[in-house]
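Breakdown of the fold
Letter by letter, the chains look like this.
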Amino acid sequence: QVQLAESGGGSVQSGGSLKLSCAASSDVARVTVMGWYRAAPGKGRELVATVGERGSDLYGDAVRDRFTISRDFDKDTIFLQMNNVIPEDTAIYYCYAATQVPRRDFWGQGTQVTVDS
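This report concerns the structure included in the present document.

The rules we used
- Residues numbered from 1 in each chain as written.
- Predicted model: local features only at pLDDT ≥ 70, side-chain atom pairs only at ≥ 80, totals over all residues.
- Heavy atoms only, no water.
- Disulfide = S-S within 2.5 Å.
- Helix = DSSP H or I, 4+ residues; strand = E, 2+ residues; numbered from the N terminus.
- Phe/Tyr/Trp six-rings, centres within 6.5 Å; stacked < 30°, edge-to-face > 60°.
- Buried < 20%, exposed > 50% of the residue type's maximum accessible area, 1.4 Å probe, protein only.

Here the focus is the state of the cysteines. A disulfide bridge is the covalent bond that connects two cysteines by way of their sulfur atoms. Taken as a whole and judged by the stated rule, the model has one disulfide. Paired through a disulfide, cysteine 22 and cysteine 95 show a sulfur-sulfur distance of 1.9 Å. Residues cysteine 22 and cysteine 95 are joined by a disulfide whose S-S torsion is about -85°; by sign, that bridge is left-handed. In this pair, cysteine 22 sits in strand E3 (residues 18–26) while cysteine 95 sits in strand E9 (residues 91–99), placing the two residues 73 residues apart along the sequence.

The next thing to look at is the packing of aromatic side chains. Taken as a whole, this structure holds three aromatic pairs when the rule is applied. The interplanar angle of 70° and the centroid separation of 5.2 Å between the aromatic rings of tyrosine 37 and tryptophan 107 together place this pair among those described as edge-to-face. Of this pair, tyrosine 37 sits in strand E4 (residues 31–39) while tryptophan 107 sits in strand E10 (residues 104–107), and the two are 70 residues apart along the sequence. Tryptophan 107 gets classed as partly exposed once you look at its relative accessible area, which sits at 39%. With centroids separated by 5.0 Å and ring planes inclined at 50°, the aromatic side chains of tyrosine 96 and tryptophan 107 adopt a geometry described as tilted.

This is the structure we're talking about:
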């Protein structure tokens, strides 16, 4: 199994910055893709950003140019640097990880991010 430990959530003022982290612990399988998804109140989960095992990244349209995902491969940890946050960024942010062999998806418990206007 893969377990994901998230940290860094909290409240931040609009225009400010916040940094999330997620550390993956895998028993057997190699973690390939890791990333962040979020769910705003009353809304479905949406892509924030992902990073592949070779460093390729993908961003959701709502956060592109404001958020940056990074990955520490030695520690199997990802980070989400959130800059110039806006109230619409308020959501529960979920860490995501995937394995290729076997192909499985894993989710963290989520960490709350609240942006105050």
